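Examination of the molecular architecture
Residue strings, one per chain:
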Amino acid sequence: MQTIYLRFGDRAAALAALAAVLGYGPALDPEGGETWPSTGFAAGTRYDLAFPGEIRVPTGETVDTPFGPSPVTAPLPGYHVNVLWWGASAPDFGAAVVTPDTPASVFAD
């Protein structure tokens, strides 16, 4: 298994790419509502999804608070999605794939 880190312009672009590559989309729950599953199968291979969305990183600056110094953060550009791919050959997400040095969000072991 492998984690694929993705960055898109916004949530709509992320959902469109996930639909095109994985066939991902909403499901209906028994109450008749819509749910967005966090797991599915594409071409017989399981995948799990995490939607960190906006990721914030420290800027190196701090601000004084009543509890002491607190780091100032700024958003990374884009809307982020993590895909845990259980197969040998990962799907192609093209330019949306990013390789973070230290991922802000990971799947638990």
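Shown above is the structure to which this text applies.
So, a few notes on the structure that sits alongside this text. Fair warning: this is a prediction, and the values are worked out from it, not measured in the lab. (Residues numbered from 1 in each chain as written. Predicted model: local features only at pLDDT ≥ 70, side-chain atom pairs only at ≥ 80, totals over all residues. Heavy atoms only, no water.)

**Quick notes on the overall build of the protein**
In terms of regular secondary structure, the protein is built from one helix and nine strands. Across the protein, helices and strands are ordered from the amino to the carboxyl terminus as β-α-β-β-β-β-β-β-β-β. Against the compact-globule benchmark of 13 Å for 109 residues, the protein has a radius of gyration of 17 Å, which places it well outside the compact range. Oriented by its inertia axes, the alpha-carbon framework of the protein measures out at about 50 × 35 × 30 Å. A burial count over the protein gives 28% of its 109 residues as buried. Across the protein, every contact between residues at least 6 apart in sequence was considered, and the portion connecting residues at least 24 apart equals 64%. Summed over all atoms, the accessible surface of the protein reaches about 7000 Å², with 56% contributed by carbon and sulfur. (Helix = DSSP H or I, 4+ residues; strand = E, 2+ residues; numbered from the N terminus. Rg over C-alpha atoms; globule rule 2.2 N^0.38 Å. Buried < 20%, exposed > 50% of the residue type's maximum accessible area, 1.4 Å probe, protein only. Contact = heavy atoms within 4.5 Å. Areas by Shrake-Rupley, 256 points an atom, 1.4 Å probe, with all protein chains shown as cover.)

**Side note on unusual backbone geometry**
A positive phi angle, close to 50 degrees, is found at alanine 43, a residue other than glycine. Inspection of the secondary structure assignment puts alanine 43 in the loop between β4 (39-42) and β5 (45-53).

**Focus on the environment of histidine 80**
Position of histidine 80 relative to the elements: it lies in strand β8 (residues 79-85). Looking at histidine 80, the relative accessible area reads 5%, which means it is buried. In this structure the side chain of histidine 80 is engaged in a polar contact, spanning 3.3 Å, whose partner is the backbone oxygen of proline 77. (Polar contact = N/O pair within 3.5 Å; in protein donor to acceptor, adjacent residues only side chain to side chain.)

**Observations concerning the pattern of salt bridges**
Scanning the model with the defined rule gives two salt bridges in all. Among the ionic pairs, aspartate 48 bridges to arginine 46, the shortest N-O distance being 2.8 Å. The class of aspartate 48 is buried, set by a relative accessible area of 10%. Since its relative accessible area comes to 36%, arginine 46 is described here as partly exposed. In this structure, arginine 56 and glutamate 54 form a salt bridge, with 3.5 Å as the shortest nitrogen-oxygen distance. (Salt bridge = Lys/Arg side-chain N within 4 Å of Asp/Glu carboxyl O.)

**Focus on the packing of aromatic side chains**
In this structure the tally under the stated criterion is two aromatic pairs. With 5.7 Å between their ring centres and 45 degrees between their planes, tyrosine 24 and tryptophan 36 make a pair best called tilted. Placement of tyrosine 24 in the loop between α1 (11-22) and β2 (27-28) and of tryptophan 36 in the loop between β3 (34-35) and β4 is noted, with a sequence separation of twelve residues between them. In this structure tyrosine 24 comes out as buried when scored by relative accessible area, which is 6%. (Phe/Tyr/Trp six-rings, centres within 6.5 Å; stacked < 30°, edge-to-face > 60°.)

By themselves, these are just geometric observations and shouldn't be taken as functional.
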